[in-house]
Amino acid sequence: MPMQFALLFVGAALINNILLTRFIALCSFFGISNSMETAVGMSLAVLFVMTIASSATWVFYYWILEPLGVGEFLYIPAFILVIAGLVQFVEMYLRKYSPGLYHAMGIFLPLITTNCAVLAAATEAVKPGFFKMNMPYSFGFGEAIVYTLGVAAGYGFALIAFTALRERLDIAPVPSWLEGTPMSFITAGLLSLGYIGLGSLFGL
Amino acid sequence: MDPILVAKAVGALSAIGVMVAVMLATASRRFHVEVDPRVESVLAALPGANCGACGNPSCFVAAAAIVAGNAPVNACTAGGQAVADAVAAILGTESCAVAEAVSMRHCGGGRAASRSFGYSGLMSCAAVAKVAGGDLTCPSGCFGYGDCARVCPFGAISMDSRGLPVVDLSLCTGCELCVKECPRGGAGLLHMGPGSGQIVVRCNSHDKPRARKDYCSMCCIACKKCEKACPSDAIHVIDLLAVVDYEKCTGCGQCVAVCPQECIDLSGRERAQPAHSIDGRGSKVDGFVPTGTVSGDAEDA
Amino acid sequence: MKKWTEVFLDGISLENPLTVLLIGLCSALAVSSKFEGSFFMGIAVIFVTLMSNVIISAIRNFIPHEVRIPIFIVVIASFVTIVDLTMKAFLPDVYGFLGVWIPLIVVNCMVLGRAEAFAYHNGVWLSIADALGMGVGYTVVIVLLAATRELIGSGKLEFLGATLIAFPEWYRGPNIVLLFPGAFILFGFIIAGTYAINRRLRARAATAAVRTERGASL
């Protein structure tokens, strides 16, 4: 069982890295990766929100939507309602009980509501390959949590690596017609190339 | 159209919606936070650059500290007297004087200083300082890759055509970020002088003058002409380097006129071209302006 | 009418959502490995953006500020569900390829962002212009990217089963172009191209403004 969890975690974090091999949450990737403080803040906020959101959506799906048979077409608005409500709740809680943390990652919390990664992780924590609708396997609660933690770890890992690269790109001698965003994309492409090499970890 | 399915769908989504609404309503009541409105107005009065000169990590924390009484009204050195007065007005207390300081660069080399190797890595002073101690032959001079200009939150530093940073005295607030960022700032290359201090000695090298002339044509040669010319006894040659005592300096400029190397300068002035051309003076000097600096042209010597 | 065309054309080049505003990237890059996939994704995005902009702009005076985001999402989600089910029924192959990206149009930064930034504050007529401009700009970029990737990577361009262009047999494209890194790198070049075009457009607009000023003062 622990081996299965470890493989699930590594698979979600490195092999199927949500940012670099699946292209989810790219807007935040390029928007937040300007400086290291914002990148670290965003990664922590995503980790926090994703874990809570996935647990809540798993519970809502398997206890309310699926027994009523409306899961197939109602999951989009239902999950988003839950995620948006949770983010608001977490924001209020942090503001009251941990003002330092609130000001460190406060502006990112509303941004995460519409972060593709949170919705994608939430829907896939319910059923892997959910959108193909033909996978017989469903995640248990523990597997859902481990999978989500893996996705968040992979997101943070890729974001921080890319931010470090981008901070150095600022002072590197880049050709003038490629300066700025084009060069960032090409660098992201090279980083993604590196992650493809991870695809053969553990002979998977 | 299966009415039961529609009813189930509506019921499920409504149930989820109601649950989320109840959770949010209770949360907004239980987690209500009282915010002192004065913090907002003090925050609006502060410059908002989050420079850290006051010792607080951000302007918001500084505002909270000032309102709570943990920081004095003139905590924000970057804002200057105007901000201190504004904050005092908001809190209804008396204002205090703010000590003004500006950043000064003790190097006049740039194009007139020789480089020991050609460097083509990251265009950053901190980066080049890690490569064999930097490409500048002088061990105490300015590399000219512009880290100070990039880090200044007030846009007060710009790189001129000599490859040296020029501080705009009207914008410099004395936050000291450039001193911390410069790899040689702690060694005296960038130092904070009083706001009224105009005279700057453009040399920071502690080598013997003969060695200095080998690698820079703008160095201080410790001839003591400035010391003799000063009417206020404000400039002395200590350890073979001219040093200005800002307590006594009146800014009369006698030393500037008399220095044979044109090494003493007025702060914040951008020279159109170096005082000495590269040819003729010091055959061992072959300086250039680093390419890719913030506003420098890519010209080789 | 002038304002309408201005808003419409802005969305295509000067404020292209993908290359300039950098919103809506996730779906764009992910589906750009096949030409027909990105073509239908573009159509889907145009449809959803247009309909949601119209509705949100029409009811904008009745939406309270605090709950506007959930309301936007509900409106957008309904249209996305329509697209989802329609595509599953009529274009099953394309739907299989697009997979998770259809539902993710709901949180597509572009659709939500334009609703928040434009439709919530402007009238229906201009919102239509904005939606069409953004949608067309999005479609143009991903179709260009996908066509390049498919052509260079696999040597042929296919659309709904028919082969449009095919390179000769001996052509072996670099496989990296079909994989994710290729998308990033080619997209970087497309952005560089867009920046060059925008610079020229802005220069032309600046000279035109100077000319009208001089003309007005004469």
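Residues numbered from 1 in each chain as written. Chains lettered and ligands numbered in written order. Predicted model: local features only at pLDDT ≥ 70, side-chain atom pairs only at ≥ 80, totals over all residues.

(A) Spotlight on the overall build of chain A. The number of helices and strands found in chain A is nine helices and zero strands. Beginning at the N terminus, the succession of helices and strands in chain A can be written as α-α-α-α-α-α-α-α-α. Within chain A, the fraction of its 204 residues that count as buried is 47%. (Helix = DSSP H or I, 4+ residues; strand = E, 2+ residues; numbered from the N terminus. Buried ≥ 20, exposed ≤ 12 C-beta atoms within 10 Å, placed from the backbone.)

(B) Highlighting the overall build of chain B. Across its full length, chain B carries 10 helices and eight strands. Within chain B, the proportion of its 301 residues that are buried is 39%.

(C) Molecular detail of helix α7 (residues 124-154) of chain C. Between its first and last C-alpha, α7 of chain C extends 43 Å over 31 residues, near the 45 Å set by a 1.5 Å rise per residue. Residue Gly-155 of chain C follows α7 of chain C closely and has a positive phi angle near 85°. (Expected span 1.5 Å × (residues − 1).)

(D) Region of interest: the interface of chain A and chain B. At the interface, 23 residues of chain A touch 20 residues of chain B. For the side of chain A that touches chain B, the secondary structure elements donating two or more residues are α3 (36-68) and α4 (71-97) of chain A. Broken down by element, the side of chain A that touches chain B gets its largest block of residues, 12 residues, from α4 of chain A. When the residues that make up the side of chain A that touches chain B are grouped by side-chain class, the tally is 16 nonpolar, four polar and three charged. (Contact = placed C-beta atoms within 7 Å. Nonpolar A, V, L, I, M, F, W, Y, C, P; charged D, E, K, R; others polar.)

(E) Focus on the arrangement of the chains. When the two pairs of chains in contact are compared, the highest contact count belongs to chains A and C. At the level of C-alpha atoms, the two units chain B and chain C stay apart, their nearest approach being 11 Å.

(F) Summary view of the packing of helix α3 (residues 35-58) of chain C against helix α6 (residues 109-119) of chain C. All names here are of chain C. Taken N-terminus to C-terminus, the directions of α3 and α6 make an angle of 35°; their axes are 10 Å apart at the nearest point. α6 is crossed by α3, and the crossing has right-handed handedness. On α6, the residues touching Val-48, Thr-49, Ser-52, Asn-53, Ile-56 and Ser-57 of α3 are Val-111, Arg-114, Ala-115 and Ala-119. A breakdown of the residues in the contact of α3 with α6 according to their chemical character gives five nonpolar, four polar and one charged. (Axes fitted to C-alpha atoms, helices over the stretch in contact; angles between N-to-C directions. Left-handed = near helix turned anticlockwise from the far one by under 90°.)

(G) View of the nonpolar core. Core analysis: the biggest nonpolar cluster contains 124 residues, and Ile-83 and Ala-117 of chain A together with Cys-26 and Ile-76 of chain C have the highest contact counts within it. Ile-76 of chain C has contacts with Val-48, Ser-52, Val-106, Val-111 and Leu-112 of chain C, leaving out every residue within four places of it along the chain. Formed by 69 residues, the second largest nonpolar core is a distinct cluster that contains Val-83, Ala-84, Met-104 and Val-244 of chain B. (Core = buried A, V, L, I, M, F, W, Y, C linked by C-beta atoms within 7 Å.)

(H) Up close: the interface of chain C and chain A. On the chain A side, the residues contacting the 32 residues of chain C number 34 residues. Mapped by element, the contributors of at least two residues to the side of chain C that touches chain A are α2 (25-30), α4 (68-90), α6 and α8 (180-217) of chain C. Its residues assigned to classes, the side of chain C that touches chain A comprises 29 nonpolar, three polar and no charged.

(I) Focus on the environment of Ala-25 of chain A. As for its position among the elements, Ala-25 of chain A is in the loop between α1 (2-15) and α2 (26-32). The exposure class assigned to Ala-25 of chain A is buried, which follows from the 28 C-beta atoms found within 10 Å. Sequence spacing of Ala-25 of chain A and Val-118 of chain A is 93 residues, and the spatial spacing of their C-alpha atoms is 8.6 Å. Apart from the residues lying within four places of it in its own chain, the contact partners of Ala-25 of chain A are Ile-18, Leu-19, Asn-115, Cys-116, Ala-117 and Tyr-155 of chain A together with Cys-26 of chain C.

(J) Representation of the confidence of the model for chain B in the model. Residue and element names in this part refer to chain B. The share of residues in chain B with pLDDT of 70 or more is 87%, and the mean pLDDT across the chain is 79. Across chain B, the element-wise mean pLDDT spans from 79 in helix α4 (residues 80-91) up to 90 in helix α5 (residues 125-129). A low-confidence stretch, residues 277-284 stays under pLDDT 50, and its non-local contacts, those more than four residues away or across chains, total 10 contacts. Note on residues 294-301: pLDDT is under 50 here. Beyond four places in sequence and across chains, it has 22 contacts. Scoring the predicted complex yields pTM 0.76 and, for the interface, ipTM 0.81. (pLDDT = per-residue confidence, 0-100.)

(K) A look at the packing of helix α2 (residues 37-45) of chain B against helix α3 (residues 59-68) of chain B. Residue and element names in this part refer to chain B. In contact at an axis separation of 9 Å, α2 and α3 are set at 125° when each is read in the N-to-C sense. Taken together, the axis directions place α2 and α3 in an arrangement best described as oblique. α3 is crossed by α2, and the crossing has right-handed handedness. Packed against α2, whose contacting residues are Arg-38, Val-39, Val-42 and Leu-43, the element α3 presents Cys-59, Phe-60, Ala-63, Ala-64, Ile-66 and Val-67 at the interface. Partitioning the contact of α2 with α3 into residue classes produces nine nonpolar, no polar and one charged. (Parallel < 35°, antiparallel > 145°, perpendicular 65-115°, else oblique.)

(L) Molecular detail of the pairing of strand β7 (residues 241-244) of chain B. Residues and elements named next belong to chain B. Pairing of strand β6 (residues 235-238) with β7, which is carried by four bridges, proceeds in the antiparallel orientation. Residue pairing in the sheet places Ile-235 in a bridge with Val-244 of β7. In this structure, the hairpin formed by β6 and β7 is closed by a connection of two residues, where Asp-239 is found at a positive phi of approximately 55°. (Pairing = 2+ DSSP bridges.)

(M) Expanded view of the confidence of the model for chain A. Overall, the predicted model of chain A reaches an average pLDDT of 81, with 89% of residues at or above 70. Confidence, expressed as mean pLDDT per element, reaches its minimum in chain A at helix α5 (residues 99-105) of chain A with 69 and its maximum at helix α8 (residues 141-169) of chain A with 91.

(N) Region of interest: the pairing of strand β2 (residues 162-166) of chain C. Residues and elements named next belong to chain C. For strand β1 (residues 156-159) and β2, the ladder comprises four bridges, and the chain directions are antiparallel. Directly across from Leu-157, in β2, lies its bridge partner Ile-165. Hairpin connection of β1 to β2: two residues between the antiparallel strands, including Leu-160 at a positive phi of 50°.

(O) Expanded view of the environment of Cys-172 of chain B. Residue and element names in this part refer to chain B. If you trace the backbone, Cys-172 turns up in the loop between β3 (165-167) and α7 (177-181). The class for Cys-172 is buried, based on 23 C-beta atoms found within 10 Å. Spatially, the C-alpha atoms of Cys-172 and Gly-155 are 8.2 Å apart, while their sequence positions differ by 17 residues.

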